[in-house]
Amino acid sequence: MNIQILGVGCPRCQELEKRVIDTLAELQIAANVEKVTDIKKFAAMGVFMTPGLAIDGKVVSQGKIPSKDELKKLITGK
């Protein structure tokens, strides 16, 4: 699983990254977590409000920090 945090590195983007890593640890799921800070790259993915979150190349959230419960659903698909 590849998870991308899309944003320029602001405190909200950092919080999203921390929350994703914590959620993955709780779920005991191994994933590659990558920060994408290049505006052109995440704009090309359709993200214009940060922070954005993409799982396996699909944008699943933008402009907010999902709760841990929301993240669990997004990560597990349940």
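Now for a look at the structure at hand. The structure presented is a predicted model; accordingly, all values stated were derived computationally and were not measured.

Rules used in this analysis
- Residues numbered from 1 in each chain as written.
- Predicted model: local features only at pLDDT ≥ 70, side-chain atom pairs only at ≥ 80, totals over all residues.
- Heavy atoms only, no water.
- Core = buried A, V, L, I, M, F, W, Y, C linked by side-chain atoms within 4.5 Å.
- Buried < 20%, exposed > 50% of the residue type's maximum accessible area, 1.4 Å probe, protein only.
- Contact = heavy atoms within 4.5 Å.
- Helix = DSSP H or I, 4+ residues; strand = E, 2+ residues; numbered from the N terminus.
- Pairing = 2+ DSSP bridges.
- Axes fitted to C-alpha atoms, helices over the stretch in contact; angles between N-to-C directions.
- Salt bridge = Lys/Arg side-chain N within 4 Å of Asp/Glu carboxyl O.

A word on the nonpolar core
Stage number 1. The biggest cluster of nonpolar side chains holds 9 residues, and these are Ile 3, Ile 5, Leu 16, Val 20, Leu 24, Leu 53, Ile 55, Leu 71 and Ile 75.
Stage number 2. For Ile 3, the residues in contact, after removing those within four places along its chain, are Val 20, Leu 24, Ala 31, Asn 32, Val 33, Glu 34, Leu 53, Ala 54, Ile 55 and Ile 75.
Stage number 3. Within the second largest apolar cluster, 5 residues are counted, among which are Leu 6, Val 36, Val 47 and Ala 54.

Thoughts on the environment of Ala 54
Stage number 1. Structurally, Ala 54 is set in strand β3 (residues 52-55).
Stage number 2. As for Ala 54 and Glu 17, which are separated by 37 residues in sequence, their C-alpha atoms are 12 Å apart.
Stage number 3. Ignoring sequence-local partners within four residues, the contact set of Ala 54 consists of Asn 2, Ile 3, Gln 4, Leu 6, Met 45, Val 59 and Val 60.

Concerning the sheet that holds strand β1 (residues 2-6)
Stage number 1. Here we have 4 strands laid out as an open sheet, ordered β2-β1-β3-β4, and mixed in their pairing. Looking at the sheet topology across the chains shown, the edges are occupied by β2 (32-36) and β4 (58-62). Here the average twist between neighbouring strands, direction ignored, is 20 degrees.
Stage number 2. Judged from the 5 bridges that link them, β1 and β2 form a sheet pairing that is parallel. Residue Gln 4 lies in a different strand from β2, and its bridge partner there is Glu 34.

Some remarks on the pattern of salt bridges
Stage number 1. Following the criterion strictly, the structure yields 6 salt bridges and no others.
Stage number 2. What you see here is one network of salt bridges that share partners, running through Glu 26, Lys 68 and Lys 72.

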